[in-house]
Structure formats: structure tokens, C-alpha cells
Amino acid sequence: MTTLQKAPTGEALVTLRGVQKHFGALHVLKDIELTVQRGEVVVVIGPSGSGKSTLCRTINRLEPIDEGAIEVDGQPLPQEGRELARLRSDVGMVFQSFNLFPHKTVLQNVTLGPVKVRRRKAEEAERRGRELLARVGVADQAEKYPAQLSGGQQQRVAIARALAMEPKVMLFDEPTSALDPEMVNEVLDVMTSLAREGMTMIVVTHEMGFARRAANRVVFMDAGRIVEEAPPEQFFTSPRSDRARDFLSKILTH
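Cut-off values and rules
Residues numbered from 1 in each chain as written. Predicted model: local features only at pLDDT ≥ 70, side-chain atom pairs only at ≥ 80, totals over all residues. Heavy atoms only, no water. UniProt positions renumbered as here; feature names shortened; annotations may be inferred. Pairing = 2+ DSSP bridges. Helix = DSSP H or I, 4+ residues; strand = E, 2+ residues; numbered from the N terminus. Axes fitted to C-alpha atoms, helices over the stretch in contact; angles between N-to-C directions. Contact = heavy atoms within 4.5 Å. Core = buried A, V, L, I, M, F, W, Y, C linked by side-chain atoms within 4.5 Å. Buried < 20%, exposed > 50% of the residue type's maximum accessible area, 1.4 Å probe, protein only.

Looking at an unreviewed UniProt entry, the protein carries the name Amino acid ABC transporter ATP-binding protein, with the source organism given as Motilibacter deserti. Regarding the protein, the UniProt comment filed under Sequence similarities (unreviewed entry) reads as follows: "Belongs to the ABC transporter superfamily." Taken verbatim from the UniProt record of the protein, the Subcellular location (unreviewed entry) comment is "Cell membrane".

Written out as C-alpha cells, the structure reads:
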């Protein structure tokens, strides 16, 4: 099976070197080395508790690291303040729980960041916001509030909100795991179209079909380490490590 999207450029966009992270006595990221190229779609999989979500959250500094270095587009992660806010606007994030502002309309959710952070004019932000809502298939929901939408619609609004900031890379932290099964595909379809258009994406997910279809590379984590990384066809048909073989035998037999 071939991947759908353009080949990556070969130019590093996100780099993690020697990254260590502890939560108290728990060592959750162990000496992580990872480079994601501009235009690449990297899907991170592994058992629960393997460090996948923590890895994702370190890239925009929602979780600070204990050791090592992380760079986005050649710039080291800032510690705090205005530089960190600027970095976060370059790194779009879509969470498991949609994190929309409940008291703002769908369109207001999408336009708030561009106006406040990117200093866009309100009319320009609104025009772009409506374009993005159309792109993710919820243009007709613009004036509603999040609670009036299904989970799948809310997650698509969350994707539009992240895209409105014109990020260099999109992080997805288990974006479909809180959704009812019939809503999963409507979100994965949006993500697949982004992959096809060449958006740089790091996706933590349990959706193996998406990994096969949209990833340039699968990264398999276990117990805080990257155990194996390979193109999806290679990973799913002939994993090299016993741990990956064991993991796949449990999830691909059903």
C-alpha cells in the first residue's frame, strides 16, 4: 500500500535530541532521538503508558523536559513568555478532548487566536475562519456553540482552529479516542486530506488504518523509548523488534 501524500523535503522541521522526562520517580521519556522532516507525517504508536502523549506534549512545551534539546524549524524551545507563545502558534495542537471555549461560537473559537496572537484584522480572520470550517466540513455550524455539535464536529472545529494559526507542524494527541466509533472516520478523513496536502504532522493514535494509509513513518514506543521506526508497510508486515511483533499480534488479530 502506498502512502497518499507528497514526499518529505528532507529538511528537518522538528528535532528531539537526548530528551529525558520524569514525573517524580517515573522515567517517562528515555533518551528520545527523533527528527521529523518538513512535509512528513509521523504516526507514533505503542501500548498505553509508553510515553507517546508526553512526547507529543513536549514539542510545544506543554510538558517541560529534564534533559536534552528540542528544536522547531531550527529554533530551540523557549522557556516561557512571548517567545514561547510565538512557538506555540507555529505548532498546532489537537487534543483528545476538544478544548474548545464553550461560551464562544464555533467561528469565534477559530478566529480568536489569529486576532489575538497573529494580530490579524477581524474581517480577514473571519473570512479565513469560514474557509477553514468549510474545509473540515462544518461551515454550516459557524454560529453554533460547541455544546450544540457532535464530538466529531467539535474535533473538526478544533482542527480548523489549529490550522487558522498557520502552523508549521500539527500535533495530534489521540484525536479520535474520545469519539463514538461512527465519528472517528470523519476526523481521520480530514487528517488524511491534510497529510495529502503536505502538512507536517506528528500523530499519536491507536488508529492503525490511518497509520498505514497516511504515514510516511511509524514510530513505535514502549516504556518511554523509541523501540523501532520504519515506513508503515515495513512496520506492519515485518516489524524488527519482538516488542513490536507482540504489540501488533495483539491489536491486528481482531
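1. A short note on the sheet that holds strand β6 (residues 91–94)
Pairing is mixed in the open sheet, where 6 strands are placed in the order β6-β7-β8-β3-β9-β10. The open sheet is flanked by β6 and β10 (225–230), the only strands paired with a single partner. The average undirected angle you get between the axes of adjacent strands in this sheet is 20°. The pairing of strand β3 (residues 41–45) with strand β9 (residues 217–222) spans 4 bridges and is classified as parallel. Following the sheet pairing, V44 is matched in β9 by V219. Packed onto the sheet, helix α2 (residues 81–90) meets β6 and β7 (169–173) and runs at close to 65° relative to β6. Relative to β6, helix α5 (residues 151–164) is tilted by about 170°, and along the sheet it contacts β6 and β7.

2. Some words on the pairing of β10
Where β9 lies against β10, 5 bridges are found, and the strand directions are antiparallel. Paired with V219 across the strands is E229, a residue of β10. Where β9 hands over to β10, the hairpin turn is made up of 2 residues, of which A223 adopts a positive phi near 50°.

3. Brief notes about the side chain of E63
Assignment of secondary structure puts E63 in the loop between α1 (52–58) and β4 (67–72). The residues contacting E63, other than those within four sequence positions of it, are K21, F23, R57 and T58.

4. Regarding the nonpolar core
Residues L133, I159, M170, F172, M191, M201 and F235 are the most contacted members of the largest nonpolar core, which totals 49 residues. With 8 residues, helix α6 (residues 181–196) is the largest single contributor of residues to this core. With residues up to four places along the chain from it excluded, the contact list for L133 reads V106, L107, V110, V138, A139, A142, V157 and A160. Counting 27 residues, the second largest nonpolar core, distinct from the first, contains L84, L87, V91 and V169.

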